[in-house]
Amino acid sequence: MRGAPSHDRSVLLGILLMCTAGTLFPVMNGLVQVLSRTYPSEQIIWARNTGHLLIVLAVIVPRYGLSVLRTVRPAVQISRSCLLLMSTAMFFFGVKHLPLAQAGSISQMTPFFVTLLAWPMLGERIPLSRFVAVLVGFLGVLVVIRPGTDVFHWASLLIVGNAFCYAVYQVFTRRVAGLDRPETSVMYSALVGTLVMCAVVPFVWKTPESLTDALLHCCLGALGATGHYCVARAMTYAQANVVSPFQYWQIIGSVVVGYFVSGLMPDLATWIGAGIIVCAGVYIALTASRGAPRRG
């Protein structure tokens, strides 16, 4: 009996951390939209990756040293980092042209892609009910994107690509989870992307016009790193199927931040599509650990 309140507090803390991440990511994306009005996307991607890497280096290297770079599966780790870079690039280029709430809703396709990819890549079978939930989730995305209508924008496809790349990144992360230490995976997540963008950014560099703009560049990495840390910590306080549904708080955060950045509110179809996505995603999250091996 005495352990129950402590368990409840841990679950609540996990939920709070997941909601915190769902607030930080939209703020970061809002800053991306603001900076994209003046600066090239390549420079913004570089700032996001480099800031993240510097924070990781400051936290991990003093504790583990350079041995943290040793990996059993270097090809998989490098592929993970490349996929994360592609995912970030697609989102940052796409969000220049889309309302933040719409982009945030489409990006929530990731759990559906992970569910589909886990079968051929990890050997995890998909129950029929979960497969139907995936199809319902994709229907919700179509409601948000509305292909073939006047409101359809090609940049929506970049956000779909972002979600797919991030899903493959997550599957690769599960592949190395039992082989490399978590700190190694965290390090590689930002390392390769930073090196690639350091080679690109000199050709597009635009010096920040003000101290405020320079600080906004710096904030991108800090917000991203903190958000990912909150997600990782949330999983340590409560089971993934308990806290994962709260990742959809990010849609609400995107609505609020998008309104402050551009003054736009989602239309009815976007709200309906987002609602379908959330319901399907929550169902998948709540049933993910039933009748299947525990997730890595």
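What counts, and where the lines are drawn
- Here, residues in each chain are numbered from 1, in the same order as that chain's written sequence.
- With pLDDT at 70 or above as the cut-off, local features in this predicted model cover only qualifying residues; side-chain atom pairs require 80 or more to be listed or tallied, and sums for whole chains, interfaces and linings still use all residues.
- To obtain the side-chain values, all non-hydrogen atoms of the structure were included, while hydrogens and water were left out.
- Lines fitted to C-alpha atoms define the axes here, with helix axes fitted over just the stretch in contact, and angles between the N-to-C directions of these axes take values from 0 to 180 degrees.
- Think of it this way: any DSSP run of H or I at least four residues long counts as a helix, any run of E at least two long counts as a strand, and we number them from the N terminus.
- What sets the label is the angle itself: under 35 degrees gives roughly parallel, over 145 gives roughly antiparallel, 65 to 115 gives roughly perpendicular, and the rest give oblique.
- Crossing chirality is assigned from the near helix's rotation relative to the far helix, an anticlockwise turn below a right angle marking it left-handed and a clockwise turn marking it right-handed.
- Contacts are assigned to residue pairs that have any heavy atoms within 4.5 Å of one another.
- Nonpolar cores are built from buried Ala, Val, Leu, Ile, Met, Phe, Trp, Tyr and Cys residues. Side-chain atoms within 4.5 Å join them into one set.
- Classification of residues uses two cut-offs on accessible area relative to the type maximum, computed with a 1.4 Å probe and protein chains only: under 20% is buried, over 50% is exposed, and between them is partly exposed.
- Multiply 1.5 Å by the residue count of a helix minus one, and that product is the helix's expected span.
- By definition here, a salt bridge exists when the distance from a side-chain nitrogen of Lys or Arg to a carboxyl oxygen of Asp or Glu is within 4 Å.
- Without a salt bridge and with relative accessible area above 30%, a residue can belong to a patch; like charges are then joined within 9 Å and nonpolar side chains (Val, Leu, Ile, Met, Phe, Trp, Tyr) within 5 Å.
- In short, Shrake-Rupley with a 1.4 Å probe defines the accessible areas, and a residue's cover is counted only from the protein chains shown.
- Polar here means any residue other than Ala, Val, Leu, Ile, Met, Phe, Trp, Tyr, Cys and Pro, which are nonpolar, and Asp, Glu, Lys and Arg, which are charged; Gly is therefore polar.
- The predictor reports its confidence for every residue as pLDDT, a score running from 0 up to 100.
- Stacked, tilted and edge-to-face pairs are distinguished by plane angle, under 30 degrees for stacked and over 60 for edge-to-face with tilted covering the rest, among Phe, Tyr and Trp rings (Trp via its six-membered ring) whose centres lie within 6.5 Å.
- Whether a charge lies above a ring is judged from NZ of Lys or CZ of Arg, which has to be within 6 Å of the ring centre and within 35 degrees of the ring normal.

## Quick notes on the packing of helix H2 (residues 41–64) against helix H8 (residues 182–200)
(1) Moving on: Packing of H2 against H8 leaves a shortest axis separation of 8 Å and a crossing angle of 140 degrees. The angle between H2 and H8 falls in the class oblique. Every pair of crossing elements has a handedness; the one defined by H2 and H8 is left-handed. Residue-level contacts link Glu42, Ile45, Trp46, Asn49, Thr50, His52, Leu53, Val56, Leu57, Ile60, Val61 and Tyr64 of H2 to Glu183, Val186, Met187, Ala190, Leu191, Gly193, Thr194, Met197, Cys198 and Val200 of H8.

## Let's talk about the nonpolar core
(1) Moving on: Grouped together as the largest cluster of nonpolar side chains are 65 residues, with contacts concentrated most on Ile44, Ile106, Met109, Phe112, Phe113 and Leu220.
(2) Moving on: In terms of residue count, the dominant contributor to this core is helix H1 (residues 3–36) (12 residues).
(3) Moving on: In this structure Ile44 touches Val32, Leu35, Ser36, Tyr39, Phe92 and Leu220, once residues within four positions along its chain are discounted.
(4) Moving on: With six residues, the next largest nonpolar core counts Leu53, Ile60, Val68 and Met187 among its residues.

## Observations regarding H8
Think of an α-helix as 3.6 residues a turn; residues three or four steps apart then line up on the same face.
(1) Moving on: Taking 1.5 Å per residue, 19 residues should reach 27 Å; H8 reaches 28 Å between its end C-alpha atoms and fits that length.
(2) Moving on: Turning to H8, its buried residues number three or more, namely Thr184, Ser185, Met187, Tyr188, Ser189, Ala190, Val192, Gly193, Thr194 and Met197.

## A look at the pattern of salt bridges
Where side chains of opposite charge bring their charged atoms close, a pairing between them can arise.
(1) Moving on: Following the criterion strictly, the structure yields two salt bridges and no others.
(2) Moving on: Between Arg146 and Asp267 there is a salt bridge, with the nearest N and O atoms lying 3.0 Å from each other. Here Arg146 is found in the loop between helix H6 (128–145) and helix H7 (155–176), whereas its partner Asp267 is found in the loop between helix H11 (249–262) and helix H12 (268–287), with 121 residues between them in sequence.
(3) Moving on: For Glu209, the salt bridge is made with Lys206, and the minimal N-O distance between the two is 3.2 Å.
(4) Moving on: Residue class for Glu209 comes out exposed when judged on its relative accessible area of 55%.

## A short note on a nonpolar patch on the surface
(1) Moving on: Nonpolar side chains collect at one region of the surface, where Trp249, Ile252, Val256, Tyr259, Phe260, Met265, Leu268, Trp271 and Ile272 lie side by side and expose about 970 Å² of accessible area between them.
(2) Moving on: When contributions to the nonpolar patch are tallied by element, the ones reaching two or more residues are H11 and H12.
(3) Moving on: At five residues, H11 tops the list of elements feeding residues into the nonpolar patch.

## Describing the packing of helix H3 (residues 74–94) against H7
(1) Moving on: Two numbers describe how H3 lies on H7: the axes approach to 8 Å, and their chain directions differ by 160 degrees. Taken together, H3 and H7 sit at an angle that is classed as roughly antiparallel. Crossing angle aside, the handedness with which H3 passes H7 is left-handed. The residues of H7 that touch H3, namely those facing Val76, Gln77, Ser79, Arg80, Leu83, Leu84, Met86, Ser87, Met90, Phe91, Phe93 and Gly94, are Ala155, Leu158, Ile159, Gly161, Asn162, Cys165, Tyr166, Val168, Tyr169, Phe172, Thr173 and Val176.
(2) Moving on: Residues that form the contact of H3 with H7 fall into these classes: 16 nonpolar, seven polar and one charged.

## A word on unusual backbone geometry
(1) Moving on: Not every positive phi belongs to a glycine, and Arg146 is a case in point at roughly 55 degrees.
(2) Moving on: Take Arg146: its relative accessible area is 18%, and that puts it in the buried class.

## Quick word on the environment of Leu13
(1) Moving on: Along the chain, the position of Leu13 falls in helix H1.
(2) Moving on: Sequence separation between Leu13 and Ala89 is 76 residues, and the spatial gap between their C-alpha atoms is 32 Å.

## Looking at the confidence of the model for the protein chain
(1) Moving on: On average, the protein chain scores 86 in pLDDT, and the residues at 70 or more come to 94%.
(2) Moving on: For the protein chain, helix H10 (residues 240–243) is the element with the lowest average pLDDT, namely 69, and H3 is the one with the highest, namely 92.
(3) Moving on: Under a pLDDT of 50 for its full length, residues 291–296 has, in the predicted model, three contacts with residues more than four places off or in other chains.

## Considerations on the packing of aromatic side chains
(1) Moving on: Under the defined criterion, the tally for this structure stands at six aromatic pairs.
(2) Moving on: For the pair Tyr166 and Tyr169, a centre-to-centre distance of 5.3 Å together with 20 degrees between the ring planes defines the contact as stacked. Taken together, the residues span about one helical turn, with Tyr166 and Tyr169 both in helix H7 at a distance of three residues.
(3) Moving on: Of the residues examined, Tyr169 reaches a relative accessible area of 11% and is grouped as buried.
(4) Moving on: One aromatic cluster is present, formed by Phe112, Phe113, Phe138 and Phe164 through successive ring pairs.
(5) Moving on: Over the ring of Tyr39 we find Lys206; its NZ or CZ atom is 5.5 Å from the centre of that ring.

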